[in-house]
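# Coordinates in review
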There are 2 protein chains.
Amino acid sequence: MTYICTSILALLFLALVHGIAGAVEDPLPTWNDGAAKKSMLLFVEKVTTEGSTDFVLPAERIAVFDNDGTFWAEQPIHFQVQFALDRVKALAPNHPEWKTRQPFKSLLEGDKQAFAMGGEKAILEVMAVKHTGMTTEEFDGIVKDWLAKTTHPRFKRPYNEIVYQPMLELLAYLRANGFKTFIVSGGGVEFMRAWVEKLYGIPPEQVVGSMGKQKFELRDGKPVIVKLPAVDFVDDKEGKPIGIQKFIGRRPIVAFGNSDGDHQMLQWTAAGGGSRFMGLVHHTDAEREWAYDRTSHIGKLDKALDEANAKGWTVVDMKEDWKRVFPF
Amino acid sequence: MTYICTSILALLFLALVHGIAGAVEDPLPTWNDGAAKKSMLLFVEKVTTEGSTDFVLPAERIAVFDNDGTFWAEQPIHFQVQFALDRVKALAPNHPEWKTRQPFKSLLEGDKQAFAMGGEKAILEVMAVKHTGMTTEEFDGIVKDWLAKTTHPRFKRPYNEIVYQPMLELLAYLRANGFKTFIVSGGGVEFMRAWVEKLYGIPPEQVVGSMGKQKFELRDGKPVIVKLPAVDFVDDKEGKPIGIQKFIGRRPIVAFGNSDGDHQMLQWTAAGGGSRFMGLVHHTDAEREWAYDRTSHIGKLDKALDEANAKGWTVVDMKEDWKRVFPF
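Residues numbered from 1 in each chain as written. Chains lettered and ligands numbered in written order. Predicted model: local features only at pLDDT ≥ 70, side-chain atom pairs only at ≥ 80, totals over all residues. Heavy atoms only, no water.

## Focus: the interface of chain B and chain A
Tallying the contact residues gives 42 residues for chain B and 42 residues for chain A. Both sides of the chain B and chain A interface together cover about 3,700 Å² of buried area, and 60% of this is carbon and sulfur. Of all residues in chain B, the largest losses of buried area upon contact with chain A belong to Glu205(B), Phe216(B) and Lys246(B), amounting jointly to 19% of the total for that side. For the pair chain B and chain A, the interface holds 10 salt bridges. For Asp232(B), the salt bridge goes to Lys246(A), with nearest N and O atoms at 2.5 Å. (Contact = heavy atoms within 4.5 Å. Buried area = accessible area lost by both parts, 1.4 Å probe. Salt bridge = Lys/Arg side-chain N within 4 Å of Asp/Glu carboxyl O.)

## A short note on the packing of aromatic side chains
Applying the stated criterion across every chain yields a total of 49 aromatic pairs over all chains. Geometrically, the ring pair formed by Trp195(A) and Tyr200(A) is edge-to-face, given 5.8 Å between the ring centres and 75° between the ring planes. Neither residue differs from the other here; Trp195(A) and Tyr200(A) are each classed as buried. Centroid distance Trp72(B) to Trp195(B): 4.2 Å. Interplanar angle 25°. Geometry classified as stacked. Placement of the pair is Trp72(B) in the loop between strand 1 (62-65) and helix 3 (79-91) and Trp195(B) in the loop between helix 9 (189-193) and helix 10 (196-200), with a sequence separation of 123 residues. One exposure class covers both Trp72(B) and Trp195(B), and it is buried. Sitting over the face of the ring of Phe139(A), Lys227(A) holds its NZ or CZ atom 4.2 Å from the ring centroid. (Phe/Tyr/Trp six-rings, centres within 6.5 Å; stacked < 30°, edge-to-face > 60°. Buried < 20%, exposed > 50% of the residue type's maximum accessible area, 1.4 Å probe, protein only. Helix = DSSP H or I, 4+ residues; strand = E, 2+ residues; numbered from the N terminus. Lys NZ or Arg CZ within 6 Å of the ring centre and 35° of its normal.)

## Looking at the relation of the copies chain B and chain A
Mapping chain B onto chain A calls for a screw motion: a turn of 180° about the axis and a shift of 0.0 Å along it, with 0.0 Å RMSD after fitting. On the angle and the small slide along the axis, the relation comes out as a two-fold axis. In this assembly the copies share their binding face: 100% of the residues contributing to the interface of chain B also contribute to that of chain A. (Least-squares fit on C-alpha atoms with pLDDT ≥ 70 in both.)

## With respect to the sheet that holds strand 6 (residues 277-282) of chain B
Within a sheet, each strand pairs with its neighbour through backbone hydrogen bonds, oriented either parallel or antiparallel. All names here are of chain B. Within the open sheet, the 7 strands sit side by side as 4-3-2-1-5-6-7. Their pairing is mixed. Lying at the two open borders of the sheet, with one neighbouring strand each, are strand 4 (222-233) and strand 7 (314-317). Strand-to-strand twist in this sheet, taken as the mean axis angle between neighbours without regard to direction, amounts to 30°. Bridge count for strand 5 (residues 254-257) against strand 6 is 4 bridges, and the pairing is parallel. Its bridge partner being in strand 6, Phe256 is matched across the sheet by Gly279. Running over the sheet, helix 2 (residues 35-48) touches strand 5, strand 6 and strand 7 and is turned about 135° from strand 7. (Pairing = 2+ DSSP bridges. Axes fitted to C-alpha atoms, helices over the stretch in contact; angles between N-to-C directions.)

## Overview of the sheet that holds strand 4 (residues 222-233) of chain A
Residue and element names in this part refer to chain A. Strand order in the open sheet formed by 7 strands is 4-3-2-1-5-6-7, and the pairing between neighbours is mixed. Both edges of this open sheet fall to strand 4 and strand 7 (314-317), since each of them pairs with a single strand only. This sheet shows a mean twist of 30° between the axes of neighbouring strands, independent of strand direction.

## Thoughts on the side chain of His283(B)
Residues and elements named next belong to chain B. Mapped onto the secondary structure, His283 falls in the loop between strand 6 and helix 13 (303-311). Separated by 2.8 Å, the side chain of His283 and the backbone oxygen of Gly69 make a polar contact. Once residues lying within four places of it in the same chain are set aside, the contact partners of His283 are Gly69, Glu74, Tyr164, Asn258, Glu289, Trp290, Ala291, Tyr292 and Met318. (Polar contact = N/O pair within 3.5 Å; in protein donor to acceptor, adjacent residues only side chain to side chain.)

## Observations concerning helix 2 (residues 35-48) of chain A
Residue and element names in this part refer to chain A. Under the 1.5 Å per step criterion, the end-to-end length of helix 2 is 20 Å for 14 residues, consistent within 8% with the ideal 20 Å. The complete set of buried residues in helix 2 reads Ala36, Lys37, Met40, Phe43, Val44 and Val47. Projected down its long axis, helix 2 carries its buried residues within an arc of 130°, all on one side. Pointing more than 90 degrees away from the buried face of helix 2 are the exposed residues Ala35, Lys38, Leu42 and Glu45. Buried residues along helix 2 sit in contact with helix 8 (165-176), strand 5 (254-257), strand 6 (277-282), strand 7 and helix 14 (318-321). (Expected span 1.5 Å × (residues − 1). Arc of directions from axis to C-beta.)

## Digging into unusual backbone geometry
Following Gln75(A), the chain continues into Pro76(A) via a peptide bond in cis, with omega recorded as -5°. Relative to the helices and strands, Pro76(A) resides in the loop between strand 1 (62-65) and helix 3 (79-91). A positive phi angle, near 50°, is found at Asp220(B), a position not held by glycine. With respect to the secondary-structure elements, Asp220(B) resides in the loop between strand 3 (207-219) and strand 4. Positive phi, normally seen in glycine, also occurs at Lys237(B), with a value near 50°. Among the structural elements, Lys237(B) can be located in the loop between strand 4 and helix 11 (239-247).

## Digging into helix 11 of chain B
Residues and elements named next belong to chain B. With respect to burial, helix 11 is a largely interior element, 9 of its 9 residues being buried. Every buried residue of helix 11 is accounted for by Gly239, Lys240, Pro241, Ile242, Gly243, Ile244, Gln245, Lys246 and Phe247. One or two residues past the end of helix 11 sits Gly249, with phi positive at roughly 70°.

## Considering the pattern of salt bridges
Inspection of every chain in the model, using the stated rule, returns 42 salt bridges over all chains. In this structure, the salt-bridge partner of Asp26(A) is Lys37(A), at a minimum N-O distance of 2.7 Å. Highlighted residues: Asp26(A) in the loop between helix 1 (2-24) and helix 2 and Lys37(A) in helix 2, separated in sequence by 11 residues. According to the relative accessible area criterion, Lys37(A) is buried, its value standing at 3%. Salt-bridge contacts for Lys105(B) lead to Glu109(B); the nearest nitrogen and oxygen are separated by 3.3 Å. Classification of Glu109(B) as exposed rests on a relative accessible area of 53%. Taken together, the salt bridges that share partners define one network made up of Lys180(A), Arg250(A), Glu197(B) and Glu205(B).

## Focus: the layout of surface pockets
There is about 840 Å³ of room inside the largest pocket. Together, 31 residues line the largest pocket, and Gly249(A), Arg250(A), Asp140(B), Lys144(B) and Arg193(B) are the ones closest to its centre. At the level of elements, helix 7 (136-149), helix 9 and helix 10 of chain B are the ones that each hand at least two residues to the lining of the largest pocket. It is helix 7 of chain B that provides the largest number of residues to the lining of the largest pocket, a total of 7 residues. Residues of the lining of the largest pocket, tallied by class, amount to 11 nonpolar, 8 polar and 12 charged. (1 Å grid on protein atoms, 1.4 Å probe; cavity = no way out; pocket = protein on both sides within 12 Å on 5 of 7 lines; lining within 4 Å. Points joined across faces, edges and corners; volume = space filled by probe spheres on them. Nonpolar A, V, L, I, M, F, W, Y, C, P; charged D, E, K, R; others polar.)

## A closer look at the packing of helix 3 of chain B against helix 7 of chain B
Residues and elements named next belong to chain B. With their axes 11 Å apart at the nearest point, helix 3 and helix 7 run at an angle of 105° to one another. In this view, helix 3 runs roughly perpendicular relative to helix 7, as classed from their interaxial angle. For the pair helix 3 and helix 7, the contacting residues are Phe79, Gln82, Phe83, Asp86 and Arg87 in the first and Phe139, Ile142, Val143 and Trp146 in the second. Grouping the amino acids of the contact of helix 3 with helix 7 by side-chain chemistry returns 6 nonpolar, 1 polar and 2 charged. (Parallel < 35°, antiparallel > 145°, perpendicular 65-115°, else oblique.)

## Brief notes about the pairing of strand 5 of chain B
Residue and element names in this part refer to chain B. Neither face of strand 5 is left uncovered, since the one carrying Val254 and Phe256 and the one carrying Ala255 and Gly257 both have all their residues buried. With 3 bridges connecting them, strand 1 and strand 5 associate as parallel partners. Counterpart to Val64 in the pairing with strand 5 is Ala255. Between strand 5 and its parallel partner strand 6, the chain crosses via helix 12 (residues 263-270), and the hand of that crossover is right-handed. (Right-handed = clockwise from strand over helix to strand, strands pointing away.)

It is worth stressing that arrangement in space is one thing and function is another; only the former is reported here.
See below:
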């Protein structure tokens with residue numbers, strides 16, 4: 001009896017010590033101790049402290065994140081553009097008409113910049129046309145296969161390793177504090193859902209993105225959902241708050257982006273009542289990643305940066321704020 | 001020391017006893033012990049037993065439910081039609097043109113059946129036109145206000161009390177077993193989100209429904225989302241599996257409906273791999289609720305009932321399977 005008691009008390013003691021140790025452990029170890037990190041820690045403490053005037057119920061702790069340039073890199077071209085390019089090349093032999101038809105022509109001629117300037121819409125058009133008649137399950141398999149076989153031109157690693165370690169830590173930290181984390185990206189929703197759960201721990205139902213039209217049909221008696229050659233929704237700029245309203249139906253209290261494409265999402269988040277956190281990743285690190293902002297064709301950050309500075313939103317200086325950029 | 005030990009052991013003992021007592025408590029007390037109840041209990045046990053060949057990871061335990069006729073009643077007319085009617089009447093003095101224009105004409109003349117036959121689309125058209133220019137927040141307030149002030153013609157109680165107690169128990173039972181519960185309804189998503197969280201414990205981000213187009217704009221510098229006079233998506237029949245793919249992006253393992261409008265959602269759910277549960281509420285109780293199926297204008301249940309019978313899906317006989325219908 002005494003032995004059992006001592007064991008139980010020892011276990012309780014260990015649990016207590018472990019709890020205390022856990023509490024003082026740094027939840028954001030690859031963030032330098034600057035203003036950005038401090039603002040995040042302070043915000044989370046405020047909204048999770050019961051009795052505080054800033055307290056937010058767990059159900060309302062909605063955090064939305066852009067993906068390209070916020071969670072993973074977007075240079076030298078958006079990774080989904082590379083996917084589209086690779087798909088067009090693979091299918092081109094069966095489509096001689098693409099040689100003279102835009103945006104396929106730019107892609108086949110290797111003019112990635114010209115294509116990239118077409119924005120999310122051009123990507124979606126290519127994705128929609130290319131994959132017309134394909135079922136959602138077939139498309140999912142193609143994306144996974146491409147990710148497994150393709151590497152990034154600069155880092156020579158699979159694209160799903162070119163992710164920002166500090167942002168992964170922020171995701172885990174928010175979730176540990178009762179936040180529900182969503183992606184709200186201009187990227188194709190079916191493209192992202194093929195890998196986000198494994199990479200970010202974000203389930204498919206918490207991904208908002210651009211999408212093509214689809215139809216339901218029975219193929220040999222088996223129900224399938226088939227991709228159609230038409231754009232249904234573009235989740236970029238003004239589309240982001242709309243996407244949040246359509247898919248989430250509740251205003252976030254945290255929004256993180258990196259470009260003017262995220263500006264309206266940040267404005268929408270900022271305009272709610274109570275405590276809110278608006279963040280921008282500023283790409284300032286040409287050595288470890290890339291440095292670009294106001295004049296970039298990809299991930300242009302200009303007006304949102306002005307508003308962030310004017311309103312005191314958190315701007316993460318990648319070079320100064322991050323000890324490490326990628327997990328590798 | 002001995003006192004502390006005894007106390008700890010007593011607490012552990014109590015926790016154990018409580019656990020056992022909890023396990024034998026009936027999670028579905030208002031369901032009679034028939035085939036329907038047995039099929040649900042068996043299914044949940046199978047997919048939640050680790051090591052079983054039918055085991056499903058918690059993240060994949062997606063359960064989708066229709067709303068009208070499945071969670072709450074839909075007679076004598078869909079509750080949202082009553083809402084639309086009340087709104088049209090309230091606004092009619094400012095819209096003399098509605099007297100000659102359908103579907104407003106039917107509504108103003110009190111011809112609810114003619115209007116109801118226009119289906120979800122007619123409702124959406126009325127909702128969209130009526131609320132054009134209104135912000136999503138204003139609309140939310142109008143729905144809540146209507147619910148608070150209006151009562152059901154037969155039961156003389158607020159519409160949000162005309163819900164099925166056995167289905168509320170099923171929802172709680174599934175959630176206690178790690179399921180994520182969604183509504184996938186032909187009803188307007190903004191209409192439902194105004195009250196589903198309080199009533200069903202389903203958060204707004206887990207509601208898939210029909211929707212009108214919206215736009216984002218700055219009004220006096222304040223960002224708002226404004227309703228536009230156009231239908232964006234009809235979440236009924238073939239639209240339901242599409243809605244599931246768009247909003248959830250993962251195939252459910254449980255689907256529950258009550259009409260042919262849910263047929264494709266059940267087919268889509270049934271066509272996945274592993275264990276799945278397809279259920280239909282069959283309205284067979286004219287005394288406590290209503291009895292209707294193959295020839296009803298509202299909630300017609302014909303082809304889905306045939307397939308359910310042929311494939312062994314669970315058909316809930318409201319009269320036989322439910323001890324009680326409503327919470328009151």
